[in-house]
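Structural overview
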Amino acid sequence: MAADAIPKTQFASDNTAGMCPEVMEAYVRANQGSLPSYGDDALTERAANRFRELFETDCDVFFVFNGTAANALALATCCKSYHSVICYEHAHIVVAECGAPEFFSNGAKVIGAPGVNGKLTPASIVSIADKCVDLHYHKPRAISLTQCTELSTVYQLEELREIRGVAARFKLLTHMDGARFANSVAALNVAPKAVTWEAGVKVLCFGGTKLGMANTEAVIFFDRALASEFEYRCKQAGQLASKMRFHAAAWLAMLESGTWLKHAQHANRCAALLALRLKTEANLTPAFPIEANGVFVNLPKNLEQGLHDRGWVFYNFAEGVARLMCSWQTMEADINAFVADVVDLQEKQ
Ligand SMILES: Cc1ncc(COP(=O)(O)O)c(C=O)c1O
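Remember, it's a predicted structure, so these values are computed and weren't measured experimentally. (Residues numbered from 1 in each chain as written. Predicted model: local features only at pLDDT ≥ 70, side-chain atom pairs only at ≥ 80, totals over all residues. Heavy atoms only, no water.)

A look at the site of the ligand
The immediate surroundings of the ligand are formed by Asn66, Gly67, Thr68, Asn71, His92, Glu97, Thr146, Glu150, Asp177, Ala179, Arg180 and Lys210. A distance of 3.4 Å is found between an oxygen atom of the ligand and a side-chain nitrogen or oxygen belonging to His92. Arg180 places a side-chain nitrogen or oxygen 3.2 Å from an oxygen atom of the ligand. In terms of residue count, helix H3 (residues 67-78) provides more of the shell around the ligand than any other element does, three residues in total. Looking at the shell around the ligand residue by residue, the classes come out as one nonpolar, six polar and five charged. (Near = heavy atom within 4 Å. Polar contact = N/O pair within 3.5 Å; in protein donor to acceptor, adjacent residues only side chain to side chain. Helix = DSSP H or I, 4+ residues; strand = E, 2+ residues; numbered from the N terminus. Nonpolar A, V, L, I, M, F, W, Y, C, P; charged D, E, K, R; others polar.)

As C-alpha cells, then:
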C-alpha cells in the first residue's frame, strides 16, 4: 500500500475509525484565541450543562482521555482499598485494564462473575456477594455493568431493575462502563435517564472515543457526593486536560445536534446488516444476539486466515469467536466487500 493511501475501513474495533467530521469541525471552531485552561472555560461549562439536559438531572461531569482512566478513577472513587467490584467475567475492567481499577483504588479487587451473553445476572451477583461476607474477603462495594456489553448485547430495563434490587439488598453502588453507552441507548430507544440514574446507576463512564471522537470520555456522577474532589484524582492520574476546551468542544458537537445518537444508530444498523448478510449469504450464525454495533461469529480457521490474508483485520474475543465491530465510519460498501470475500473464500476452500 502506498504510504499516503487511505487504509480501508476495518471491522477490528470501533476505535480504529477516525474522528467524525462533526468533531473535526468543532475542533477547528474551538481553536480560536485564548481561553482559560483546566476546565475554567465557557465551553466546558456549556458541555456539562448539555449532559445535565441530556440526563434530565443535576449531575457532575468530568472529562478524561480514555475509557480505562474513566473506569479506574470512577471505581476508585466508589471503593476503599479493602472493597471489591463485581463485574462480568470478561468485562473490560477485569481483563483489559491492566489492573488500573485496583491500582487507583490502592487495592480494591475486581471480581469477575459468570453471566449470560455478556451480562451479569442477579444470581451471579448474589453468588459473589453472598460468599464474601466475612472480613477475610474484600468487602463487596460496587457492581460494574458494561452497557452495551463486551459481547455487544444490551441490558434491558427489566434486567437493570432486577440488578438494582440486588444492589439495594447488598448495599452496592452501581458503576456503568459506557464505552459504548450511545449504542445501548440507540438500541433500547429510551431516554438516557432510564438506563442510568433511574436504574440506580451512580456513576457512568460515557464513551466518546468509539463514538467518533479522538480521545475523550465523560465521567458522569449522578450521586454528586461521589464526585467530591474527583478533579484531584484526575490531576493525580495525569487525566486533567489543560486544554479542556477541546474535550468540551468535541462533546458539544455530539450533544447539541443529536450527532451522538445518529452515529450510534448508524453503527447499530450496520452491525444488523452485516449479521444478516453473513447469515443469508454465508450461512454464518451470530454467536450472540445482535443488539448493538458488534457481530460475533465463529469462523472456521481457514476462512479466518483467508480473510486476514486478504487484508481484513479483526480479533478473536472471549471463547475464540471473531469480533466484527461497526462504527460511525462503516459504509454499506465495506460490508459488501467483507461479505463478498467471505463467500468467495468459502467457495474456494
Ligand atoms: C467495554 C470497554 N470499556 C472501556 C474501554 C476503554 O478502553 P480505552 O482505555 O482503550 O479507551 C473499552 C475499549 O476497548 C471497552 O471496550
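Continuing now.
Focus: the sheet that holds strand S1 (residues 60-64)
Across a sheet, paired strands are connected by hydrogen bonds in the backbone, their directions being either parallel or antiparallel. The sheet built from seven strands is open, its strands ordered S1-S9-S8-S7-S6-S2-S3 with mixed pairing. For this open sheet the edge positions go to S1 and strand S3 (109-113), each flanked by a neighbour on one side alone. Here the strands of the sheet are splayed against their neighbours by 25° on average, with no regard to which way each runs. Both S1 and strand S9 (residues 217-221) contribute to a ladder of five bridges, which runs antiparallel. (Pairing = 2+ DSSP bridges. Axes fitted to C-alpha atoms, helices over the stretch in contact; angles between N-to-C directions.)

Regarding the side chain of Glu150
Its location among the elements puts Glu150 in the loop between strand S6 (139-146) and helix H7 (157-169). Buried charge without a salt bridge: Glu150, with Arg180 as the nearest opposite-charge side chain at an N-O distance of 6.6 Å. Among the polar contacts listed, one links the side chain of Glu150 to the backbone nitrogen of His92, at a separation of 2.7 Å. At 3.0 Å, the side chain of Glu150 forms a polar contact with the side chain of Thr146. If we ignore the near neighbours within four places in the chain, the residues touching Glu150 are His90, Ala91, His92, Asp177, Phe296 and Phe317. (Buried < 20%, exposed > 50% of the residue type's maximum accessible area, 1.4 Å probe, protein only. Lys, Arg positive; Asp, Glu negative; His and termini not counted. Salt bridge = Lys/Arg side-chain N within 4 Å of Asp/Glu carboxyl O. Contact = heavy atoms within 4.5 Å.)

Describing the sheet that holds strand S10 (residues 294-297)
With antiparallel pairing, three strands are arranged side by side in an open sheet as S10-S12-S11. Strands at the two margins of the open sheet, each flanked by one partner only, are S10 and strand S11 (315-316). The sheet contact formed by S10 and strand S12 (residues 322-325) spans four bridges and is antiparallel. Bridged to Gly294 within S12 is Met325.

Some details on the pairing of S12
Burial along S12 is two-sided: Ala322 and Leu324 and Arg323 and Met325, pointing in opposite directions, are all buried. Across two bridges, the pairing between S11 and S12 is antiparallel. Looking at S12, one finds that Asn316 is bridged to Ala322.

Thoughts on the state of the cysteines
For the structure shown, the criterion picks out zero disulfides. No disulfide involves Cys148; its sulfur sits 12 Å from the nearest other cysteine sulfur, which is in Cys326. (Disulfide = S-S within 2.5 Å.)

Focus: the pattern of salt bridges
The full count for this structure, using the stated rule, is 17 salt bridges. A salt bridge links Glu256 to Arg50, with the nearest nitrogen and oxygen atoms 2.7 Å apart. With Glu256 in the loop between helix H11 (244-255) and helix H12 (259-282) and Arg50 in helix H2 (residues 42-55), this residue pair connects regions lying 206 residues apart in the sequence. By relative accessible area, Glu256 is classed as partly exposed at 39%. Among the ionic pairs, Glu158 bridges to Arg161, the shortest N-O distance being 3.2 Å. Of the two residues, Glu158 and Arg161 both sit in helix H7, three residues apart, roughly one turn of that helix. With relative accessibility at 42%, the residue Glu158 sits in the partly exposed group. Beyond isolated ion pairs, a larger network of salt bridges with shared partners links Arg46, Arg50, Glu53 and Glu256.

Let's talk about the packing of helix H1 (residues 21-30) against H11
It is the contact of H1 with H11, at a shortest axis distance of 8 Å, that shows an interaxial angle of 135°. Between H1 and H11, the interaxial angle falls into the category oblique. Viewed along their axes, H1 and H11 form a crossing whose handedness is right-handed. On the side of H1, the interface is formed by Glu22, Val23, Ala26, Tyr27 and Ala30, while H11 contributes Arg245, Phe246, Ala249, Ala250, Ala253 and Met254. (Parallel < 35°, antiparallel > 145°, perpendicular 65-115°, else oblique. Left-handed = near helix turned anticlockwise from the far one by under 90°.)

Purely spatial values, then, with no claim about function.
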